[in-house]
Amino acid sequence: MNNYDVIVVGGGPVGMAAAIEARLSGLSAVVVEPRSGVIDKACGEGLMPGAIPLLARLGVFPKGRDLAGVTYRSGGHAVSHRFSSGVGKGVRRTELHGSLRSRSEGLGVVFVEASVSSVMETESGLVASCSNGKSIQGRYLIAADGLHSGIAKAAGLVRDLSPKRTKRFGIRQHFHVAPWSEFIEVFYTKTAEVYITPVSEDQVGVAVLGPKSTDFDETIAGIPELAGRLRGASPASQRSGAGSFPQLTTARTKGRILLVGDASGYVDAITGEGLRLGFAQARVAIECILSGKPASYERAWRRVSRDFRVLTGGLISAANSPIRMAIVPLASRLPWVFGLVVNRLAR
């Protein structure tokens, strides 16, 4: 049975970031992930300015298209803000995943193609039983297995949602068309948001976020300006979905298990800063492991995710209230407030 300092369950970007952080700190790390090769995911693909230095310190420099800021549009109203903390970057998820995987392998991270069926605590750590019939022993386990984390559920850390709580889903597809803006554009409709993210010189990603009944084509058709720009553009990827949001947890650590990324709880993708947040969580999780105080991760998690939780909660409340369609007109009349929110999330 192999023995590692850190077992990372989940080989997405945040899981690999945690493994890289471990190796850069001198710890041995194994990533357990059932999917092979480069993994895609339905997401907005816009890296906020704060995510760029987090990747750089890991030695990861994915190719993409610079993003100068964010524009919100609704009907005849629009409000834009240029990032004051640097530029962001639109990056295809496959490009990001491939860059992280290459860096992980270069640092000696071990990859096991399997899922974790159970985790048992021992006197000195944990033992993860895998679907391939093998077991992996480690001092600590980082769960980065996504929105529907099996590790979080097995550890009793998942919070049940109220049946009345609105669940939302994401749908994403890329199109062969030259970007028409250096900004991420967010179109507000009565029931959904549409995110346009330039990811290369000849390609944009289109992500629709809304209730389960949201139809991708109908939503786009209901925005004449956007429909006109995409008319005749050929698809550059398969349409894919993600969700449901939210997924809530009661705590982010239990014994030697630490939750990072979406596995630690995710309210909604409305702010588009999930990766920045996940990379920051991966960093502090490894710091807590190095100190031998995994329980301190709960406080560290709250610290690095505070802005996200407060601002996202406010945006979600507004988006699900009668003032939904007044959000963009109000922001256009108070651009300094919009700028403060964007800069706070982009850091």
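Above this text you will find the structure in question.
Here the structure is a predicted model, which is why all the values come from computation and not from measurement.

How each quantity is defined
- Residues numbered from 1 in each chain as written.
- Predicted model: local features only at pLDDT ≥ 70, side-chain atom pairs only at ≥ 80, totals over all residues.
- Heavy atoms only, no water.
- Buried < 20%, exposed > 50% of the residue type's maximum accessible area, 1.4 Å probe, protein only.
- Helix = DSSP H or I, 4+ residues; strand = E, 2+ residues; numbered from the N terminus.
- Pairing = 2+ DSSP bridges.
- Axes fitted to C-alpha atoms, helices over the stretch in contact; angles between N-to-C directions.

S.K.: Explanation requested: the pairing of strand E14 (residues 183–188) in the structure shown.
M.R.: Counting buried residues in E14 gives six out of six residues, a clear majority hidden from the surface. Of the two faces of E14, the one lined by Phe 183, Glu 185 and Phe 187 and the one lined by Ile 184, Val 186 and Tyr 188 are each fully buried. Judged from the five bridges that link them, strand E5 (residues 69–74) and E14 form a sheet pairing that is parallel. Bridged to Arg 73 within E14 is Phe 187. Pairing of E14 with strand E15 (residues 193–200), which is carried by four bridges, proceeds in the antiparallel orientation. When the bridges of E15 are listed, Glu 185 appears paired with Ile 196. In sequence, E14 turns back onto E15 through a hairpin of four residues.

S.K.: How should the sheet that holds E5 be read in this particular structure?
M.R.: In a beta sheet, neighbouring strands pair by backbone hydrogen bonds and run either parallel or antiparallel. Spatial strand order, E6-E5-E14-E15-E16-E13-E17: seven strands in an open sheet with mixed pairing. The two strands at the open ends of the sheet, each matched to only one other strand, are strand E6 (77–82) and strand E17 (240–245). Taking the axes of each pair of neighbouring strands and ignoring which way they run, one obtains an average angle of 20° across the sheet. Relative to E17, strand E13 (residues 168–176) runs antiparallel, the two being bridged by five bridges. Paired with Ile 171 across the bridge in E17 is Gly 241.

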